[in-house]
Amino acid sequence: KQEVTQIPAALSVPEGENLVLNCSFTDSAIYNLQWFRQDPGKGLTSLLLIQSSQREQTSGRLNASLDKSSGRSTLYIAASQPGDSATYLCAVRNNFNKFYFGSGTKLNVKP
Amino acid sequence: GAVVSQHPSWVICKSGTSVKIECRSLDFQATTMFWYRQFPKQSLMLMATSNEGSKATYEQGVEKDKFLINHASLTLSTLTVTSAHPEDSSFYICSARHRGEYYEQYFGPGTRLTVT
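Conventions and cut-offs
Residues numbered from 1 in each chain as written. Chains lettered and ligands numbered in written order. Predicted model: local features only at pLDDT ≥ 70, side-chain atom pairs only at ≥ 80, totals over all residues. Heavy atoms only, no water. Contact = heavy atoms within 4.5 Å. Buried area = accessible area lost by both parts, 1.4 Å probe. Salt bridge = Lys/Arg side-chain N within 4 Å of Asp/Glu carboxyl O. Polar contact = N/O pair within 3.5 Å; in protein donor to acceptor, adjacent residues only side chain to side chain. Disulfide = S-S within 2.5 Å. Helix = DSSP H or I, 4+ residues; strand = E, 2+ residues; numbered from the N terminus. Buried < 20%, exposed > 50% of the residue type's maximum accessible area, 1.4 Å probe, protein only. Phe/Tyr/Trp six-rings, centres within 6.5 Å; stacked < 30°, edge-to-face > 60°.

**Q** Teacher, can you tell me more about the interface of chain B and chain A here?
**A** On the chain A side, the residues contacting the 19 residues of chain B number 19 residues. Here chain B meets chain A over a buried area of about 1500 Å², counting both sides, of which 53% is carbon and sulfur. Where chain B touches chain A, the interface holds one salt bridge. Among the salt bridges present, the one from K98(A) reaches E59(B), with a minimum N-O distance of 2.8 Å. At the junction of chain B and chain A, the tally comes to five residue pairs in polar contact (both at pLDDT 80 or more).

**Q** Can you walk me through the state of the cysteines in this structure?
**A** Each disulfide consists of one covalent bond between the sulfur atoms belonging to two cysteines. Residues and elements named next belong to chain A. Scanning the entire structure with this criterion turns up two disulfides over all chains. For C23, the disulfide goes to C90, at an S-S distance of 2.0 Å. An S-S torsion of about -60° defines the bridge between C23 and C90 as left-handed. Linking C23 in strand β3 (residues 19-25) with C90 in strand β9 (residues 86-93), this pair joins segments that are 67 residues apart in sequence. C23 gets classed as buried once you look at its relative accessible area, which sits at 2%.

**Q** I'm lost on the packing of aromatic side chains in this one. Help?
**A** We describe a pair of aromatic rings using the distance from one ring centre to the other and the angle between the two ring planes. Counted by the stated rule, this structure contains ten aromatic pairs over all chains. Ring centres of F101(A) and Y36(B) lie 5.7 Å apart, and the angle between their planes is 85°; on these two criteria the pair is classed as edge-to-face. Separated into two different chains, F101(A) in strand β10 (residues 99-101) and Y36(B) in strand β4 (residues 30-38) make up a pair that spans both. Taken individually, F101(A) and Y36(B) each receive the classification buried, so the pair is uniform in this respect. Relative to F107(B), the ring of F101(A) lies with its centre 6.1 Å away and its plane at 85°, an arrangement referred to as edge-to-face. A residue pair is termed interchain when its members come from two chains, as with F101(A) in strand β10 and F107(B) in strand β10 (residues 105-107).

The structure is reproduced here in structure tokens:
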């Protein structure tokens, strides 16, 4: 069964710092990998989606990479802002359209 | 476009009662909807997959008689938690798959259930 792990569980950084969130998965037979943002008590906002054949995706200050063979993905956030404070979830989707989520990294960006 | 809503956004019920949560695709037809549960500080776990007009498929360990899922139309799926207990308190999120887009799923905002 696919297992998704995110490290660290929590991260606190000063505003303006660049940071990296890590995601690892045990089964490399994935269809794609997606990074979400979840604000407290809210649903999910999709940030970036990387197809299994891709190596990275970029959107504004966010960059996500994927190394399928080693079962790893990273989310890079440049010049962090207090508004980036949220929980970031990594999810892999298999070929049967099932999502497997990590437990998330709770990010706090201090002003 | 591709908006999914859930109702209610939060609900408090007494132990032993049943509560229904609705998941609606507002501007598209969803042949498949997924129900997830999220406990505090934990990740989302898939509970079941519901296809319009047929019985839901439950994940291992999820009691089908306790979590009743109905997907009666292409825009609405409901999750009924029967005989709720405090341990059922959780955040329930649905997602909907757009008809014709097998690998697109759109997530609802979630429903916070508290059982007292």
